[in-house]
Amino acid sequence: MLRAMGEGGDTGMSETVFSIMEQAPILPPEAPGETAYEVFSADPDLLVCAVVQDGRPAGLLTRDRFFLRMADRYGRALYSRRPVTFVMQTDPLLVSEDTPIEQLSAHILSARPGALMDGFVVTRDDRYLGVVSTLGLFSATVKAVADRSARLERLAADLSEAERQARESARAKSEFLATMSHEIRTPLNGVLGLSALLTRSNLAPDHARLARTIHESGSMLLSLLNNILDMSKMEAGGLALRPEAFALDTLAAEMRDLWSARARESGVAWRVDATPPGAEIEADLSRIRQVLMNLIGNALKFTPAGEVTVTLSLEPCSLPGRGRLRAEVRDTGVGIPARALESIFQPFQQADSTFVRKFDGAGLGLAICQRLVSLMEGEIGVDSREGAGSLFWVEIPVIRRAAEARDSAAA
Ligand code: ADP
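Observations regarding the nonpolar core
- Counting 50 residues, the largest nonpolar core has L248, I288, I296 and L312 as the members making the most contacts within it.
- For I288, the residues in contact, after removing those within four places along its chain, are F246, L251, A283, L325, M376 and I396.
- Formed by 23 residues, the second largest nonpolar core is a distinct cluster that contains A31, F40, V52 and L61.

In C-alpha cells, the structure reads:
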C-alpha cells in the first residue's frame, strides 16, 4: 500500500493520484467471469476494473490479461461461470488518493514495475475509490514531464533576462566610471605635473617635503583610479586580450630597470632572471606586465630588508607550439598570516589592517591580477610564511615562437 509521504515529503507542487483516477465499473467477488466479459465488451476503452468486497479492494482485472485467459483453449468454458476471483490479480498495487504522482512513479519504477502494465487501485482510508489504468499513468507522467520542462524553460528565460540586466548595469557602471575617471584624470595630471615641477624647484626643505607629499598622494590617487577602472572593465567583460610577440629577456630587463631605483632606495637586493635565454613567446604583454608590476610592487612594498627575486621561465607543455610562462616573485619580507592567505585575492582585502596605515594601497592589486590571469586562462597562487617572506607565482599558457627554437639551437 502506497501512502503519501508526511509533510516532510516533496509534495508541494505535484498533483495527486486522485486527479488521474478513473471511475470504472466494480465487480463483486462472486460475479461470474461472464459478467466481466460483458463489462469489458460493453466499453472498448475500459482497460482496468476492480473487484470490491464490502467497500474494500479485493483484486484487479485488466482487459488484456482477462481476454487472454478467456481466449485460451477452453478459457471461456472454464472461467465464464466461475467467480471473477479465479481470473483477477489478487495482489494489485493499492495507492492512497493523496499520493503525489511523482512519488507514485518513483515507487512503481523501483518496487512494482508490474503496475506499469496493469494499473492500480486508488483508496481512501483503505476503502476502494477508483482505478488508474496504464494509459492514465502514462498520460499523467507525460503531463508532469511537460509541466516540468515548461517550468524549466520559464526559469531559463528569467535567468537569461536577469543576466542581460546584470550585464547592462555592469556596462553602464563601467561607462560611468570611464567618463568620471577621464574627468578626474585630467586635473589630476595637472596636479601631478605641477607638483613634480615644484619638487625640482628651489624650495625650502619644509616646502619641498610638502610638494613631495602632494606628488606622492596624487600618484596613489591615479593608480587607485586605474585599478578601479580596470576592475569595472573586467566585471563588464570589456577587457579584450591583445597577444603580441616578445622576448622573455626583454621583459626581464624592462622589469629590472624599472624597479632597480626603488629597490636601491629601500636597500633590498634585487634580481630578475629569464630562462631559457632567447625564449620568445606570444601573449598579451601589457596584461602580463601589469600583473608583474603589481606583484613586484607588493614584494618591494612589503620587504623592508633582504631580497626580492623575479624569475620568468618558459615551461614545456604537451601541445605542439605551446608553452607555459611561469613568473615567480619571491621576497624575504613580512609574509602573510595563514588566515589571510585564502582571501588575499579578493577585492579590498588586506592581510592585516594595521598595514593599511604603514603601507599604502586599497587591496585591489591582487584581485586585478587574479582576474587578468584567469582572463588569460592561467593560474596565480601564493606561498607565504609570516615573518619569513612570500612567493607569488603565475602560470599562463602562451604560444612559443620559432625564434626560441632557432636561438636555442644556435646556443
Ligand atoms: P594593496 O593595494 O593593498 O597592496 P593587493 O591586492 O596588491 O592590495 O594586496 C592585498 C594585500 O595582500 C596587501 O595589503 C598585503 O596585506 C598582502 N600582500 C600582497 N603582497 C604581499 C607580499 N609580497 N608580502 C606580504 N603581504 C603581501
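Now that the structure has been shown, we can carry on.
Thoughts on the packing of aromatic side chains
- Within the structure shown, the criterion is met by 5 aromatic pairs.
- Centre to centre, the rings of Y37 and F67 are 5.4 Å apart; their planes meet at 85 degrees, and the pair counts as edge-to-face. With a gap of 30 residues between them, Y37 in helix α1 (residues 33–42) and F67 in helix α2 (residues 63–71) connect regions that are remote in the sequence.
- Taking the relative accessible area as the measure of exposure, F67 reaches 23% and is therefore partly exposed.
- Pairing F345 with F392 gives two aromatic rings, centres 6.4 Å apart and planes at 75 degrees, and the pair type is edge-to-face. Of the two residues, F345 sits in the loop between α10 (338–341) and α11 (353–358) while F392 sits in strand β13 (residues 389–400), which places them 47 residues apart along the sequence.
- On the basis of relative accessibility, which here comes to 8%, the residue F392 falls in the buried class.

Remarks on the side chain of Q290
- By the element assignment, Q290 lies in helix α9 (residues 285–301).
- When residues no more than four places from it in sequence are discounted, the contact partners of Q290 are D230, I368 and L372.

Some remarks on the pattern of salt bridges
- Under the definition given, this model contains 20 salt bridges.
- Linking D273 and R271 is a salt bridge whose minimum nitrogen-to-oxygen distance equals 2.9 Å.
- Residue D273 is classed as partly exposed on the basis of its relative accessible area of 28%.
- A residue is classified by how much of its surface remains accessible, and R271, at 48% relative accessible area, is partly exposed.
- Residue E379 is joined to R324 by a salt bridge in which the shortest nitrogen-to-oxygen separation is 3.8 Å. Taken as a pair, E379 in strand β12 (residues 379–385) and R324 in strand β11 (residues 322–331) lie far apart in primary sequence, 55 residues in all.

Section: unusual backbone geometry
- At the junction of T275 and P276, the peptide bond is cis and its omega measures out at -10 degrees in the coordinates.
- Relative to the elements of secondary structure, P276 occurs in the loop between β8 (269–275) and β9 (280–283).
- Here the phi dihedral of D126 falls at roughly 70 degrees; this positive angle occurs in a residue that is not glycine.
- A positive phi angle is found at E377, which is not glycine, with a value near 60 degrees.
- Its location among the elements puts E377 in the loop between α12 (365–375) and β12.

Calculation rules
- Residues numbered from 1 in each chain as written.
- Predicted model: local features only at pLDDT ≥ 70, side-chain atom pairs only at ≥ 80, totals over all residues.
- Heavy atoms only, no water.
- Core = buried A, V, L, I, M, F, W, Y, C linked by side-chain atoms within 4.5 Å.
- Buried < 20%, exposed > 50% of the residue type's maximum accessible area, 1.4 Å probe, protein only.
- Contact = heavy atoms within 4.5 Å.
- Phe/Tyr/Trp six-rings, centres within 6.5 Å; stacked < 30°, edge-to-face > 60°.
- Helix = DSSP H or I, 4+ residues; strand = E, 2+ residues; numbered from the N terminus.
- Salt bridge = Lys/Arg side-chain N within 4 Å of Asp/Glu carboxyl O.

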